[in-house]
Amino acid sequence: MSGGLSSVSFPKNAHAALANPPLLKAIAHIEETLVSGRRRAIDALPEFEALRDAGRDIKAHTLKHLDLYLEAFEKKVLEAGGFVHWAADAAEASRIVLDICQAAGARQVTKGKSMITEEVGLNAFLEANGITPVETDLGEYIIQLRAETPSHIIAPAVHVNKEQVAADFRRVHTNLDPRRNLDEPTSLLSEARGVLRERFLAADVGITGANFLIAETGSTVIVTNEGNGDLTQILPKTHIVLASIEKVVPTLEDVATIMRLLARSATGQEMSVYTTFSTGPRRAGDPDGPEAFHVVLLDNGRSAMLGTEFEDMLRCIRCGACINHCPVYRSIGGHAYGSVYPGPMGSVLTPSLHGLEKSAHLANASTLCGRCESVCPMRIPLPKMLRHWREKEFERHLTPKKARYGLAAWRFLATRPRLYGMVTRFAAWGFARFAGKKGALSQVPLAGGWTRWRDLPAPEGGTFRTEWAKRGRK
Ligand code: SF4
């Protein structure tokens, strides 16, 4: 079981998104908020490039010795009085969390923002077993009210505008005074905060994810901007951390290095507002904290990525920068990808986690412009990995027939240079002739996908080869 995957419908989803003006307007804000914020933060930090190298090296080293660091982490959690559970897949992780909740007699649980709980589809599983999960991150809370999935890994409700949020609050918050003004984001925040305070106090178990797991100390780390993570893990008697195995890093110092990259790349902040370290349950003399502390370590296909051409993807710290700078994401938003992980990082990760057969389209949801790699704080070669997936898609005959025949025809010509030269010269002449004075064609055989939306400019002058040959002669 996993968070509902519909990546096979990517082309249909993308068309629907392109015809959704409110969605496109909402996504457009990413430029003036996240993209500009990142640019300003990085311009103000001269050592940013050196930090990228250091972050990449820390994660690459950890992945080479992942088993050792995970065992060291487990040992430290146990020493601190906590428990560690190993989950091979999404179903096992959900079952472990449910068992802990049932043992604690839980009826209601609060949740901090966690993409891993989205990945395993935890909310639906808990609800099916009589436990009510309450999302406490504002964005996650909004999409929970709307019965939607996140459309971005750090801004889950980026696709929703404030009028829609106000309408959702009026629909669901039964005690809300109809005269209350909800026109401003601050009034929406205050309304959500009032409702969530009660939920925090009523929760039997708090569930969070983790940005980092520290092998040296057995600590888990979360960063938030709302403080909801702290209330989620401190107030209930039981705290469960559900995290994937690649979140482990060796030392506290390593966390300090990578944190300097994380918030700057994500939101343009120097640091997130709250950074919370948790080490075991409450100790004698502690003023607060949970009585029981559990860490569930999820694999779900990650160890199979080690040693493959996709291992580098496990360096990802989920900052979202590649998503914010992707021209495809910026044109269609996150839901079109049909996976909890959208954008370039999702198009690499989703086939690794769920299989290429269920997500083959995603490798093609990219122009390969390279912006994602250029902004990735962990220097993950996303375009190279997308090309690997395209190769595998072709090898496994998952590419649509039209594309396969087209590529086969191109290969036939490309391996016969003289014939290739003749055909391209003839095609250039033909296009220019049929285009006439307009200089563009509104219909071209086999290129309907292009000409349905815009004209195809006719070539001017000769082919690339003839122009190249002319220059060579000069
Ligand atoms: S792939 Fe890189 S840029 Fe994208 S979310 Fe991960 S760390 Fe951030």
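To be clear, the structure that these remarks concern was listed above.
Below is a short write-up of the structure.

What counts, and at which threshold
Residues numbered from 1 in each chain as written. Predicted model: local features only at pLDDT ≥ 70, side-chain atom pairs only at ≥ 80, totals over all residues. Heavy atoms only, no water. Helix = DSSP H or I, 4+ residues; strand = E, 2+ residues; numbered from the N terminus. Buried < 20%, exposed > 50% of the residue type's maximum accessible area, 1.4 Å probe, protein only. Contact = heavy atoms within 4.5 Å. Pairing = 2+ DSSP bridges. Axes fitted to C-alpha atoms, helices over the stretch in contact; angles between N-to-C directions. Salt bridge = Lys/Arg side-chain N within 4 Å of Asp/Glu carboxyl O. Phe/Tyr/Trp six-rings, centres within 6.5 Å; stacked < 30°, edge-to-face > 60°. Polar contact = N/O pair within 3.5 Å; in protein donor to acceptor, adjacent residues only side chain to side chain. Nonpolar A, V, L, I, M, F, W, Y, C, P; charged D, E, K, R; others polar. Core = buried A, V, L, I, M, F, W, Y, C linked by side-chain atoms within 4.5 Å.

1. Regarding the overall build of the protein chain
Turning to step 1, where the next piece is worked out: Tallying secondary structure elements over the protein chain gives 21 helices and twelve strands in all.
Turning to step 2, where the next piece is worked out: For the protein chain, the spread of C-alpha atoms along the three principal axes comes to 85 × 60 × 45 Å.
Turning to step 3, where the next piece is worked out: Looking at the protein chain as a whole, 50% of its 474 residues qualify as buried.
Turning to step 4, where the next piece is worked out: A sequence separation of at least 24 residues applies to 73% of the contacts in the protein chain between residues at least 6 apart.

2. Topic: the sheet that holds strand β4 (residues 205-208)
Turning to step 1, where the next piece is worked out: In spatial order, the strands read β1-β10-β7-β4-β2-β3; together these six strands make up an open sheet with parallel pairing. In the strand order of this sheet, the two ends are held by β1 (83-87) and β3 (132-135), each with one partner. Across the sheet, the mean angle separating the axes of adjacent strands is 25 degrees when strand polarity is ignored.
Turning to step 2, where the next piece is worked out: For strand β2 (residues 108-111) and β4, the ladder comprises three bridges, and the chain directions are parallel. Paired with V109 across the bridge in β4 is V205.
Turning to step 3, where the next piece is worked out: Helix α10 (residues 185-202) rests against β2 and β3 of the sheet, and its axis sits at about 120 degrees to β2.

3. So, the pattern of salt bridges
Turning to step 1, where the next piece is worked out: One pass over the full model with this rule turns up 28 salt bridges.
Turning to step 2, where the next piece is worked out: R260 is paired through a salt bridge with E47; the nearest N and O atoms lie 2.7 Å apart. Of the two residues, R260 sits in helix α12 (residues 252-266) while E47 sits in the loop between α2 (21-43) and α3 (48-64), which places them 213 residues apart along the sequence.
Turning to step 3, where the next piece is worked out: Through salt bridges with shared partners, a single ionic network connects E49, R52, D53, R56, D57 and R379.

4. Here's the deal with the packing of aromatic side chains
Turning to step 1, where the next piece is worked out: Inspection of the entire model under this criterion finds six aromatic pairs.
Turning to step 2, where the next piece is worked out: Judged by centre distance (5.9 Å) and plane angle (35 degrees), the ring pair of F426 and W429 falls under tilted. Taken together, the residues span about one helical turn, with F426 and W429 both in helix α19 (residues 417-435) at a distance of three residues. Here the two residues F426 and W429 agree in accessibility, since each one is exposed.
Turning to step 3, where the next piece is worked out: Between F464 and W468, the ring centres sit 5.9 Å apart and the planes meet at 20 degrees, which makes this aromatic pair stacked. In this pair, F464 and W468 are both assigned in helix α21 (residues 464-473), four residues apart and thus about one turn of the helix distant.
Turning to step 4, where the next piece is worked out: Judged by relative accessible area, which is 61%, W468 ranks as exposed.
Turning to step 5, where the next piece is worked out: Through pairs of rings, three or more aromatic residues link up here, namely F10, Y329 and Y337.

5. With respect to helix α8 (residues 138-145)
Turning to step 1, where the next piece is worked out: Judged by how many residues are buried, α8 sits mostly within the fold: seven of eight residues are covered.
Turning to step 2, where the next piece is worked out: Put simply, D137 is the residue that caps the front of α8, since its side-chain oxygen is 3.0 Å from the backbone nitrogen of G139.
Turning to step 3, where the next piece is worked out: A positive phi of about 55 degrees marks A147, the residue just after α8.

6. Comments concerning the environment of T132
Turning to step 1, where the next piece is worked out: Among the secondary structure elements, T132 is positioned in strand β3.
Turning to step 2, where the next piece is worked out: On a C-alpha basis, the gap between T132 and K162 in space is 26 Å, while along the polypeptide they are 30 residues apart.
Turning to step 3, where the next piece is worked out: Those residues within four positions of T132 in sequence are excluded, and the remaining contacts are R107, Q108 and V109.

7. Focus: the packing of helix α18 (residues 401-414) against α19
How two helices sit against one another is set out by the angle between their axes and by the gap between those axes.
Turning to step 1, where the next piece is worked out: In contact at an axis separation of 7 Å, α18 and α19 are set at 115 degrees when each is read in the N-to-C sense. For the pair formed by α18 and α19, the contact residues are W410, F412, L413 and A414 on the first element and P417, L419, Y420 and V423 on the second.
Turning to step 2, where the next piece is worked out: For the contact of α18 with α19, the class distribution of residues is eight nonpolar, no polar and no charged.

8. Topic: the environment of Q269
Turning to step 1, where the next piece is worked out: Structurally, Q269 can be placed in the loop between α12 and β9 (274-278).
Turning to step 2, where the next piece is worked out: Among the residues examined, Q269 registers a relative accessible area of 21% and is labelled partly exposed.

9. Examining the sheet that holds β9
Turning to step 1, where the next piece is worked out: Pairing is mixed in the open sheet, where four strands are placed in the order β8-β5-β6-β9. Each edge of the sheet is formed by a strand with only one pairing partner; in this case those strands are β8 (248-249) and β9.

10. Quick look at the nonpolar core
Turning to step 1, where the next piece is worked out: One finds V97, V296, M313, Y337, Y341 and M345 to be the most contacted residues of the largest nonpolar core, which totals 86 residues.
Turning to step 2, where the next piece is worked out: When sequence neighbours within four positions are dropped, the list of residues in contact with M345 reads I153, M313, C316, R318, C322, I323 and L382.
Turning to step 3, where the next piece is worked out: The next biggest cluster of nonpolar side chains, apart from the first, holds 18 residues, and it includes V134, I142, A166 and L188.

11. Some details on unusual backbone geometry
Turning to step 1, where the next piece is worked out: Non-glycine residue R318 carries a positive phi angle of around 60 degrees.
Turning to step 2, where the next piece is worked out: Residue H397 is not a glycine yet carries a positive backbone phi of 60 degrees.
Turning to step 3, where the next piece is worked out: Along the chain, H397 falls in the loop between α17 (382-395) and α18.
Turning to step 4, where the next piece is worked out: For H397, a relative accessible area of 57% gives the class exposed.

12. Concerning the side chain of T238
Turning to step 1, where the next piece is worked out: Relative to the assigned elements, T238 resides in strand β7 (residues 238-244).
Turning to step 2, where the next piece is worked out: Contact partners of T238, with chain neighbours within four places excluded, come to I100, A104, D204, V205, G206, P290, A292 and H294.

13. Some details on the pairing of strand β6 (residues 219-224)
Turning to step 1, where the next piece is worked out: Counted residue by residue, β6 has six buried out of six residues, so it is predominantly covered.
Turning to step 2, where the next piece is worked out: Across the two faces of β6 the burial is the same, with S219, V221 and V223 and T220, I222 and T224 all buried.
Turning to step 3, where the next piece is worked out: Summarising the sheet, strand β5 (residues 212-214) and β6 pair through three bridges and their orientation is antiparallel. In the strand pairing of β6, I214 is matched with S219.
Turning to step 4, where the next piece is worked out: What sits between the antiparallel neighbours β5 and β6 is a turn of four residues, in which G218 has the positive phi angle 75 degrees.
Turning to step 5, where the next piece is worked out: Sheet topology places β6 next to β9; five bridges connect them, and they run antiparallel.

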